[in-house]
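Observations on chain architecture
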Amino acid sequence: MQNMNAVKVAQKLLKDKVKQASLVLDATMGNGSDTLFLAEQTPPEALVYAFDIQKTAIEKTREQIVQNNWAHKVHLILDSHANMNKYLPDNQKLDVVMFNLGYLPGGSHSLVTKAESTVMAIKKAVARLAVGGRISIVAYTRHNGGQEETLAVEQFVSSLPQNIFTVACWQTINHVNYPPKLYIIEKMRGEMFEGDTSF
Ligand SMILES: C[S@@+](CC[C@H](N)C(=O)[O-])C[C@H]1O[C@@H](n2cnc3c(N)ncnc32)[C@H](O)[C@@H]1O
């Protein structure tokens, strides 16, 4: 069961939504594998936005995107995901958002996602999520600050109102060495009233 890791399970749980999406976001580009997944699986007219704070991530991802001829639909942005609203098209809801937290594989362990900006970005993604849209968050606890970040994420996502959102969590339970947790948020219906972002 090689495909039973949190990142692969996230892709499986998002795939049907990605295939019908207009606007999707990879909030943590890294080496670009989720960006590539989104570019490959979305319809031709869809837009894919991807964020990272490291130039190396942009360069590695651009290489893959160009090699696979997806440059026309992918926007790679060197900035924090917490600033997503500065870049995303106005008034367009997000259909799918992927977060894969932690550090760039093979990169510096000091350039990691942080609890405060991660939760801020998740809040912004939730506020822009289309009805029927999904967000995946893969969170790790092994590195410095990872446990605190995972806890902050879990606290926030479990507080989302159940009349609007369904939130689930997936984790292997027989693996050693701090297996990651996957959170999936689905927006089931619209807000109680327009502009309600109180959650
Ligand atoms: C686990 S990696 C992502 C892996 C990636 N999805 C892939 O497929 O290779 C986490 C990434 O988040 C990036 N990151 C850290 N803080 C960030 C922030 N505030 N905004 C956007 N990206 C951030 C790191 O630079 C790192 O590249």
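Structure: see above.
If you're wondering where the values come from, they're calculated on a predicted model, not measured in any experiment. Starting afresh in each chain, residues are numbered from 1 along the sequence in its written order. Local features in this predicted model are restricted to residues whose pLDDT is 70 or higher, and side-chain atom pairs enter the listing and the counts only when it is 80 or higher, whereas totals over whole chains, interfaces and linings include all residues. Neither water nor hydrogens contribute to the side-chain values; these are computed over all heavy atoms in the structure.

Overview of helix α5 (residues 146–158)
Helix length check: α5 (13 residues) gives 18 Å between terminal C-alpha atoms against 18 Å at 1.5 Å per residue, within 8%. Among the residues making up α5, those that are buried are Gly-146, Glu-149, Thr-150, Val-153, Phe-156 and Val-157. Buried residues of α5, viewed axially, fall in a sector of 135 degrees; they line one side. α5 presents Gln-147, Glu-148, Leu-151, Gln-155 and Ser-158 as exposed residues on the side facing more than 90 degrees away from its buried surface. For this analysis, residues touch if any pair of their heavy atoms sits within 4.5 Å. Strands are runs of DSSP state E lasting at least 2 residues, helices are runs of H or I lasting at least 4, and numbering of each runs from the N terminus. If you follow the buried residues of α5, they end up packed against α4 (115–127), β5 (129–139), β6 (165–170) and β7 (181–187). To estimate how far a helix should extend, the number of its residues minus one is multiplied by 1.5 Å. Type-normalised accessible area, obtained with a 1.4 Å probe on protein chains alone, sets the label of each residue: buried when under 20%, exposed when over 50%, and partly exposed for intermediate values. Note that the arc is computed from the directions linking the helix axis to the C-beta atoms.

Describing unusual backbone geometry
Residues other than glycine seldom take positive phi values, yet Asn-69 does so here, at roughly 60 degrees. For Asn-69, the position within the fold is in the loop between α3 (55–67) and β3 (74–78). For Tyr-178, which is not glycine, the phi dihedral falls at a positive 50 degrees.

Describing the sheet that holds strand β4 (residues 94–100)
Taken together, the seven strands give an open sheet; going across it, the order is β3-β2-β1-β4-β5-β7-β6, and neighbouring strands pair in mixed fashion. The open sheet has two edge strands, β3 and β6, and neither has a second partner. With direction set aside, neighbouring strand axes in the sheet form an average angle of 10 degrees. Two strands make a pair as long as DSSP finds a minimum of two bridges between them. Pairing analysis gives six bridges linking β5 to β7, with the strands arranged antiparallel. Among the inter-strand pairings, Ile-137 is bridged to a residue of β7, identified as Tyr-183. What counts as an axis is a line fitted to C-alpha atoms, over the stretch in contact for a helix, and the angles between N-to-C directions run from 0 to 180 degrees. Here helix α1 (residues 6–18) sits on the sheet in contact with β4, β5, β6 and β7, set at roughly 170 degrees to β5. Each of β5, β6 and β7 touches α5; the most contacted strand, β7, lies at about 25 degrees to it.

Structural notes on the environment of Ala-21
Within the element layout of this structure, Ala-21 appears in the loop between α1 and β1 (23–26). Assessed through its relative accessible area of 3%, Ala-21 is described here as buried. Measuring from C-alpha to C-alpha, the distance between Ala-21 and Ala-82 comes to 22 Å, with 61 residues separating the pair along the chain. Discounting chain neighbours no more than four positions away, the residues touching Ala-21 are Thr-42, Pro-43, Ala-46 and Asp-95.

Some words on the site of the ligand
The nearness test applies per residue and asks whether one of its heavy atoms lies within 4 Å of the molecule or strand. Near the ligand, the surroundings consist of 23 residues, among which Thr-28, Asn-31, Ser-33, Asp-52 and Gln-54 are the closest. Between N or O atoms, a polar contact is any pair within 3.5 Å; within protein, one atom must be a potential hydrogen donor and the other a potential acceptor, and residues adjacent in sequence are included only when both atoms are from side chains. Residue Thr-28 places a main-chain N or O atom 2.9 Å away from a nitrogen atom belonging to the ligand. Within the side chain of Ser-80, a nitrogen or oxygen atom sits 3.1 Å from a nitrogen atom of the ligand. Elements with a minimum of two residues in the shell around the ligand: α2 (33–41) and β2 (47–52). Residues are grouped as follows: Ala, Val, Leu, Ile, Met, Phe, Trp, Tyr, Cys and Pro are nonpolar; Asp, Glu, Lys and Arg are charged; every other residue, Gly included, is polar. Among the residues making up the shell around the ligand, the classes are represented as nine nonpolar, eleven polar and three charged.

Some points on the side chain of Asp-52
Within the secondary structure, Asp-52 is located in strand β2. For Asp-52, the side chain forms a polar contact with the main-chain nitrogen of Gln-54, separated by 3.0 Å. For Asp-52, the residues in contact, after removing those within four places along its chain, are Thr-28, Met-29, Gly-30, Ala-57, Ile-58, Ile-77, Leu-78 and Asp-79.

This is a description of form; function is not addressed.
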